[in-house]
Amino acid sequence: MKNTRLLLTAFLTCCMTAAPQNAAAQSPMRTSSSVPPQVELMYVKGLRYLQNAQKTDGTYDGTYGREPGIIGFCLMSVLAHGDDPNAGPYATMVRRCVDYILSKQNKVSGYIGDSMYNHGFATLALAEAYGMVRDDRIGPALRKAVALTLTAQKKTNGRLALFPGIHGRGQHGDRLPDRLPVRGAQRRHSRAGRGF
């Protein structure tokens, strides 16, 4: 939950502090979009912040800047803008994000990161990238990641899992709070996985 809040806070802060003056000179506007120009300018400023803050290994500074789920959010932010992820202005950022997420995947189990938050959001990002980014590694990695989620779901009587092996119980059997964002990400990437 903290990872989600951190990313959303960072992105919204970038968007809210965007200055529309002289922004038209910074980026060509898409004329076929129904997005208001001020919103487009804020979005571009947020993307540029993410691009400039990204390290060469695809990570970011800060407590959660090395979490695959956070990198997945950054990747989805770029892909949602609609630029060509293979040759557009954010192609290097896209490549770094994909490389980092894939480097954090367990090659045997398909588990990405060290929590189902990371696994869920990083897998969702791979599902979004699958049809857009030219990288032959995405398909097999996505298959393994979705398979892990579905296996965890089977082990939990059809409910989506918070951890790969158990559902809804902490270390001492105590009930864990519902994690709707993780479950939503798992549902989305499980559906996306049906297409490959």
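Located above this text is the structure these notes cover.
Residues numbered from 1 in each chain as written. Predicted model: local features only at pLDDT ≥ 70, side-chain atom pairs only at ≥ 80, totals over all residues. Heavy atoms only, no water.

**Here's the deal with helix α4 (residues 68-81)**
With 14 residues, α4 extends 20 Å between its outermost C-alpha atoms, agreeing within 8% with the 20 Å of an ideal straight helix rising 1.5 Å per residue. Within α4, 13 of the 14 residues are buried, which leaves it mostly tucked inside the rest of the structure. Note on α4: the residue one or two positions beyond its end, G82, has a positive phi of about 100°. (Helix = DSSP H or I, 4+ residues; strand = E, 2+ residues; numbered from the N terminus. Expected span 1.5 Å × (residues − 1). Buried < 20%, exposed > 50% of the residue type's maximum accessible area, 1.4 Å probe, protein only.)

**Regarding helix α5 (residues 91-103)**
Relative to the 18 Å expected for 13 residues at 1.5 Å per residue, α5 spans 18 Å between its end C-alpha atoms, a close match to the ideal helical length. Buried residues of α5: A91, M93, V94, R96, C97, V98, Y100, I101 and L102, and no others.

**Brief notes about the packing of helix α3 (residues 37-53) against α4**
Remark: α3 packs on α4, axes separated minimally by 11 Å, with the N-to-C direction vectors making an angle of 140°. Considering the angle they form, α3 stands oblique to α4. α3 and α4 meet at a crossing whose hand is left-handed. Each of E40, Y43, V44, L47 and L50 in α3 lies in contact with α4, whose residues at this interface are C74, S77, V78, A80 and H81. Taken together, the residues of the contact of α3 with α4 sort by class into 7 nonpolar, 2 polar and 1 charged. (Axes fitted to C-alpha atoms, helices over the stretch in contact; angles between N-to-C directions. Parallel < 35°, antiparallel > 145°, perpendicular 65-115°, else oblique. Left-handed = near helix turned anticlockwise from the far one by under 90°. Contact = heavy atoms within 4.5 Å. Nonpolar A, V, L, I, M, F, W, Y, C, P; charged D, E, K, R; others polar.)

**Quick word on the environment of K144**
As for its position among the elements, K144 is in helix α7 (residues 138-155). Beyond its immediate chain neighbours, meaning those up to four positions away, K144 contacts Q105, K107, V108, S109 and G110.

**Examining the side chain of N118**
Examined against the element boundaries, N118 turns out to sit in helix α6 (residues 116-130). Within the structure, the side chain of N118 is placed 2.6 Å from the side chain of E67, a separation counted as a polar contact. Separated by 2.8 Å, the side chain of N118 and the backbone nitrogen of G69 make a polar contact. (Polar contact = N/O pair within 3.5 Å; in protein donor to acceptor, adjacent residues only side chain to side chain.)

**A closer look at the side chain of S115**
Relative to the helices and strands, S115 resides in the loop between α5 and α6. Using a relative accessible area of 18% as the deciding quantity, one classes S115 as buried. A polar atom in the side chain of S115 sits 3.2 Å from the backbone nitrogen of N118.

**Remarks on the environment of R137**
With respect to the helices, strands and loops of the structure, R137 is situated in the loop between α6 and α7. We classify R137 as partly exposed; its relative accessible area is 40%. A C-alpha to C-alpha distance of 8.1 Å links R137 and L102, two positions 35 residues apart in sequence. Setting aside anything within four residues of it in sequence, one finds R137 in contact with V98, D99 and L102. Within the local environment of R137, its side chain forms a polar contact with the side chain of D99, the two groups lying 2.4 Å apart. Side chain to side chain, R137 and D135 meet in a polar contact 2.7 Å long.

Function cannot be read off these values alone, since they describe shape.
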